[in-house]
Amino acid sequence: MSNDTVLLQTHGLQTGYRSGGKNIVVSGALPELELQAGRLICLLGPNGSGKSTLLRTLAGLQPALRGTIDVPGIEAHKPAELARKISLVLTDRVRGNNLTVQSLIELGRYPYTGWLGVLDEVDKGAVEWAIGATGIHAIRDRKAHSLSDGESQKMMLARALAQDTPILMLDEPTAHLDLPSRIRLMRLLHQLAGQTRKAILLSTHELDLALQVADKIWLLEPGGKLHQGAPEDLVLNGVFEAAFAEQDIVFDKEAGNFIMHAGQGRPVLLTGEGAVFFWTQRALRRAGFTVVPPTTSAKEFSPADMLYHIRISDNITRTSWLLERGGASRECISIAELLQAMV
Amino acid sequence: MTERPIQKFRLIGLLLLLLMAFLLDLSTGSVRIPAGKIMKILFSPPAANPTWHFIIAQIRLPKACAAVLAGCALSVGGLQMQTLFRNPLADPSILGITAGAGLGVAAVMLSGGSMATLYAIKELGVSGSWLIITAACLSAGAVMLLVLSLSRQLKDNVLMLIIGIMIGSITFALTSVWQYFSDPEQVKEYLLWTFGSLGGVTGAQLSILSGVIAAGLIVAFLSSKMLDALLLGEHYARSMGLTTRRARVIIICSTSLLAGSITAFCGPIGFVGIAVPHIARTIFNTASHRILIPACCLIGATLLLLCDTVSQLPGSQSVLPINIVTSLLGSPVVIILLLRRKNLNSW
């Protein structure tokens, strides 16, 4: 398969749902969307922008209001046919029902088994592969309801992998996970896309992780408008900032994340470099200061004597912060002490 | 995979238990017949001991068969409802079909006195029990058709659950209205029916009932793969290729046949439908319906046979209504089982 094999394509798609005979439109007319083999696409967007609706529509769980979704190889969108093309990891909480992890993953073979659901050798092989790929050998005999959130998510991913479909869609797979688990899951999905040539589409709120792993980003705006492109392009052309524009939240293009404590605090001059500079800057922002580059002349501010100037001295033996204001100076040996001194 | 042989072993064990319960049920009653003699009676000409032969063949054997049928039907129906609605408290009566059968019975019994035509029918040789069964079947069937037609339009199983309960309470209210305006004598007759009875099913009725139950059980077993998929919820089931609406119609059809016919022939029998699926899950420690359906049949039948045995009140002439015994005996069992498991997460 070449890199460009298109596994799913939409034309003039509009998502939404019917309620009481009326169409509730969730997204406007979307641009043509494509899922390609071996590519990982992250679907981003604020809460309520219609990520889940789009994902469910593409997966065939709910009908589109308008437009078509083409999956090469199938004609009618019957569940039985779609099940061999698209597998899902949803946000639906899976209750235990006495299922073991192993038997839950075996359910992934549903589209291939006979009327009684008995597994043959091929099915068993696929289940083993899925368990191996997600690294959950250790928990395979446990009850599904006894797992932690991270384990549970891996189990559901293994079930989707056992379904052995060219397309894999995940709805907020990183929700409820702690940071290391989130990173591991995203890395696993990134690797899977490369190794198995699956097209993977996942919706997430993890902006920074998405920027790192996605081959492409679909960015939904609250109005239902969708931007697509390489993550870096979307950052540089300002689409990111626009989509998440809120009064008190600013997207920092240089760091690739959102700044929580934006705003105009008292200016502080900060001299230094490296990690210490970065974390000192963060601490000052949190405390309500605005860090200005040391190149800025002190004369631009008034009254000049109220301006703090912090010089970081960072060497192998010790790190210290020299706090100067209007001639007086004080040396601090931790950020906590520095912030205390500035109150 | 050491699971499979263990499960088979357990199923065989339960089958033996069922046979023992069956023999025990045949041997107890107002006249005690030793269990050892029963085989001989069953396979020998009536001449040997005409009284015992009559008691076994005409009274106890049909009753035990009815107990087996009711046990299988109600527990498999309960299992299907619990999986379909993902609710550990669901049982076959949740769709309102049991209440529907009750309405039919009330219609016959409570209007009996006032309608001359009914009397005429009775005079023509149609016995009262046939009339009651026909009415119960018809009205259970009508409720079932209503539930089915609604279920085809609904997307959500939870909505289906609520609507089933609502239909049940409407039907129950209609029955109560009828009761309110009826003579005490007739109300008493109806109340006796609500206690449930396994003894009323004989001869031709038994063969009709077995046919319907067999059909329902076959449909249930064939739908075991669908039920497995539904364990993960409707969305996942659909993503794995299940046409959820069709599956719902098939499952409701099967449960309706099972629960509706048993209620029509034996009256409402509570508790078995809720409890037996839980017992089966605990014993077999699995969620696979391929195993749970036969397991429910065996456990349900054994349980109902034991309840029937107890209801004979050994050593006395009187018989307790089966519905009372199932609840009195069964509920503590379920409470103990649930206490040992401590959480419902794993139901």
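Positions within a chain are numbered from 1, following the residues in the order the chain's sequence is written. Here the convention is simple: chains get letters from A, ligands get numbers from 1, in the order in which they are written. Note on the predicted model: pLDDT of at least 70 is required for a residue's local features to be given, and 80 or more for side-chain atom pairs to be given and counted; whole-chain, interface and lining totals, by contrast, use all residues.

1. Examining the overall build of chain B
Logical step 1: Think of it this way: any DSSP run of H or I at least four residues long counts as a helix, any run of E at least two long counts as a strand, and we number them from the N terminus. Counting its regular elements, chain B contains 15 helices and 0 strands.
Logical step 2: Residues are treated as contacting if the C-beta atoms built from their backbones sit within 7 Å of each other. In chain B, the proportion of contacts linking residues at least 24 apart, taken out of those at least 6 apart, comes to 80%.

2. A look at the overall build of chain A
Logical step 1: Helix and strand content of chain A: 11 helices and 18 strands.
Logical step 2: We compute the radius of gyration from the C-alpha atoms alone; for a globule the expected value is 2.2 Å times N to the 0.38, where N is the number of residues. A compact globule built from 343 residues should have a C-alpha radius of gyration of about 20 Å, whereas chain A, at 26 Å, is more than 25% larger.
Logical step 3: Viewed in the frame of its principal axes, chain A has a C-alpha envelope of about 85 × 45 × 40 Å.
Logical step 4: Buried means a residue has 20 or more other C-beta atoms within 10 Å of its own C-beta, exposed means 12 or fewer, and partly exposed covers the counts in between; C-beta atoms are placed from the backbone. Across the 343 residues of chain A, 37% fall into the buried class.
Logical step 5: Taking all contacts inside chain A whose residues are at least 6 apart in sequence as the whole, residues at least 24 apart take part in 63%.

3. A closer look at the sheet that holds strand β15 (residues 289-292) of chain A
All names here are of chain A.
Logical step 1: Pairing between strands is defined by DSSP: at least two bridges between them are needed. The strand order across the open sheet built from 5 strands is β15-β14-β16-β17-β18, with neighbouring strands paired in mixed fashion. In this open sheet, the two edge strands, each paired with only one partner strand, are β15 and β18 (328-332). Averaged over all adjacent pairs, the angle separating strand axes in this sheet is 25°, with direction ignored.
Logical step 2: The pairing of strand β14 (residues 266-271) with β15 spans 4 bridges and is classified as parallel. Across the sheet, P267 pairs through a bridge with T290, a residue of β15.
Logical step 3: Where helix α10 (residues 274-286) meets the sheet, its contacts fall on β14, β15, β16 (308-314) and β17 (319-325), and the angle it forms with β16 comes to roughly 150°. Throughout, an axis means a line fitted to C-alpha atoms (over the contacting stretch in the case of helices), and angles, computed between N-to-C directions, take values from 0 to 180 degrees.

4. Observations regarding the interface of chain A and chain B
Logical step 1: With 25 residues of chain A at the contact, the number on the chain B side is 26 residues.
Logical step 2: Counting residues per element, the ones that place at least two in the side of chain A that touches chain B are α2 (79-82) and β7 (86-89) of chain A.
Logical step 3: Of the residues contributing to the side of chain A that touches chain B, the split by class is 14 nonpolar, 8 polar and 3 charged. Charged residues are taken to be Asp, Glu, Lys and Arg, nonpolar residues to be Ala, Val, Leu, Ile, Met, Phe, Trp, Tyr, Cys and Pro, and polar residues to be all remaining types, Gly included.

5. Concerning the sheet that holds β7(A)
Residue and element names in this part refer to chain A.
Logical step 1: Here 6 strands make up an open sheet; going across it, the order is β7-β8-β9-β5-β10-β11 and the pairing mixed. If you trace the sheet from one side to the other, it starts and ends with β7 and β11 (226-229), each paired once. Neighbour to neighbour, the strand axes of the sheet diverge by 15° on average, direction disregarded.
Logical step 2: Where strand β10 (residues 216-220) lies against β11, 4 bridges are found, and the strand directions are antiparallel. Its bridge partner lying in β11, I217 is registered against G229.
Logical step 3: Across the face of the sheet, helix α5 (residues 149-162) comes into contact with β7 and β8 (167-171) while running at roughly 175° to β7.

6. Some remarks on the pairing of strand β1 (residues 6-14) of chain A
All names here are of chain A.
Logical step 1: Two strands pair when backbone bridges link them, and β1 and strand β4 (residues 34-36) are joined in this way by 3 bridges, in the antiparallel orientation. Residue pairing in the sheet places L8 in a bridge with L35 of β4.
Logical step 2: Pairing between β1 and strand β6 (residues 66-70): 4 bridges, direction antiparallel. Across the sheet, residue H11 finds its bridge partner in β6, namely T68.

7. Observations concerning the domain arrangement of chain A
Logical step 1: An automatic or database domain assignment is the source of the domain bounds shown. Domain annotation for chain A reports domain 1 (6-252) and domain 2 (266-342).
Logical step 2: Placing the centre of domain 1 of chain A and that of domain 2 of chain A at their C-alpha centroids yields a distance of 45 Å.

8. Quick word on the packing of helix α4 (residues 97-111) of chain B against helix α8 (residues 184-194) of chain B
Residue and element names in this part refer to chain B.
Logical step 1: The N-to-C vectors of α4 and α8 enclose an angle of 150°; their axes lie 8 Å apart at closest approach. As judged from the angle between their axes, α4 and α8 are roughly antiparallel. Considering how the two elements wind past one another, α4 and α8 form a crossing that is right-handed. For the pair formed by α4 and α8, the contact residues are V105, A106, M109 and L110 on the first element and Q186, E189, Y190 and W193 on the second.
Logical step 2: Here the residues of the contact of α4 with α8 sort into 6 nonpolar, 1 polar and 1 charged. For classification purposes, an angle smaller than 35 degrees is called roughly parallel, one larger than 145 roughly antiparallel, one from 65 to 115 roughly perpendicular, and anything else oblique. Note on convention: near helix rotated counterclockwise from far helix by under a right angle means a left-handed crossing. Clockwise means right-handed.

9. Description of the environment of B:A135
Residue and element names in this part refer to chain B.
Logical step 1: Tracing the sequence through the fold places A135 in helix α6 (residues 128-153).
Logical step 2: Distance from A135 to A107, taken between C-alpha atoms, is 7.8 Å for residues 28 residues apart in sequence.
Logical step 3: The residues contacting A135, other than those within four sequence positions of it, are G104, V105, A107 and V108.

10. Quick word on the packing of helix α3 (residues 50-84) of chain B against helix α9 (residues 203-222) of chain B
All names here are of chain B.
Logical step 1: In the contact formed by α3 and α9, the axes pass within 10 Å of each other and the chain directions differ by 25°. By the angle between their directions, the pair α3 and α9 is classed as roughly parallel. The interaxial crossing formed by α3 with α9 has left-handed handedness. Judged by residue contacts, P62, C65, A66, L69, C72, A73, V76 and Q80 of α3 engage L206, L209, S210, I213, G216, L217 and A220 from α9.
Logical step 2: In terms of residue class, the contact of α3 with α9 is built from 12 nonpolar, 3 polar and no charged.

11. Digging into unusual backbone geometry
Logical step 1: Phi angles above zero are rare outside glycine, and A:D164 is one such case at about 55°.
Logical step 2: Relative to the helices and strands, A:D164 resides in the loop between α5 and β8.
Logical step 3: On the basis of neighbour counts, which here come to 21 C-beta atoms within 10 Å, the residue A:D164 falls in the buried class.
Logical step 4: For B:N285, which is not glycine, the phi torsion reads 50° and is therefore positive.
Logical step 5: With respect to the element layout, B:N285 can be found in the loop between α13 (272-284) and α14 (289-311).
Logical step 6: The class for B:N285 is partly exposed, based on 16 C-beta atoms found within 10 Å.

12. Some points on helix α7 (residues 157-180) of chain B
Logical step 1: Taking 1.5 Å as the rise per residue, α7(B) with 24 residues should run 34 Å; its terminal C-alpha atoms sit 34 Å apart, in good agreement.
Logical step 2: Those residues of α7(B) that sit buried are B:M160, B:G164, B:G168, B:T171 and B:T175. A helix is expected to span 1.5 Å multiplied by its residue count minus one.

13. Remarks on helix α12 (residues 244-266) of chain B
Residue and element names in this part refer to chain B.
Logical step 1: Across its 23 residues, α12 extends 32 Å between first and last C-alpha, which sits within 8% of the 33 Å expected from 1.5 Å per residue.
Logical step 2: Within α12, 17 of the 23 residues are buried, which leaves it mostly tucked inside the rest of the structure.
Logical step 3: Remark: G267 follows α12 within two positions and exhibits a positive phi of approximately 85°.

14. A closer look at the nonpolar core
Logical step 1: In this description, a nonpolar core means buried residues of the types Ala, Val, Leu, Ile, Met, Phe, Trp, Tyr and Cys, linked to one another by C-beta atoms lying within 7 Å. Of all hydrophobic cores here, the largest spans 164 residues; its most connected members are A:L43, A:M169, B:A70, B:A73, B:V76 and B:C296.
Logical step 2: Judged by nonpolar contacts, the second largest core, of 7 residues, contains A:V268, A:L284, A:W321 and A:L338.

15. Structural notes on the confidence of the model for chain B
Residues and elements named next belong to chain B.
Logical step 1: In the predicted model, chain B carries a mean pLDDT of 82, and the fraction of residues at 70 or more is 89%.
Logical step 2: Confidence scores per residue from the predictor, reported as pLDDT, run from 0 to 100. Within chain B, helix α5 (residues 116-123) has the poorest average pLDDT of any element, 50, and α14 the best, 93.
Logical step 3: The ipTM assigned to the predicted complex is 0.79, against a pTM of 0.82.

16. Concerning the pairing of strand β9 (residues 199-203) of chain A
Residues and elements named next belong to chain A.
Logical step 1: Counted residue by residue, β9 has 5 buried out of 5 residues, so it is predominantly covered.
Logical step 2: Neither face of β9 is left uncovered, since the one carrying A199, L201 and S203 and the one carrying I200 and L202 both have all their residues buried.
Logical step 3: Of the pairings in the sheet, the one linking β8 to β9 comprises 5 bridges and is parallel in character. When the sheet's bridge partners are listed, L170 is paired in β9 with L202.
Logical step 4: With strands facing away from the observer, any crossover in which the path from the first strand over the helix to the second runs clockwise is taken as right-handed. In this region the chain leaves β8, passes through helix α6 (residues 179-196) and returns to the parallel neighbour β9; the handedness of that crossover is right-handed.

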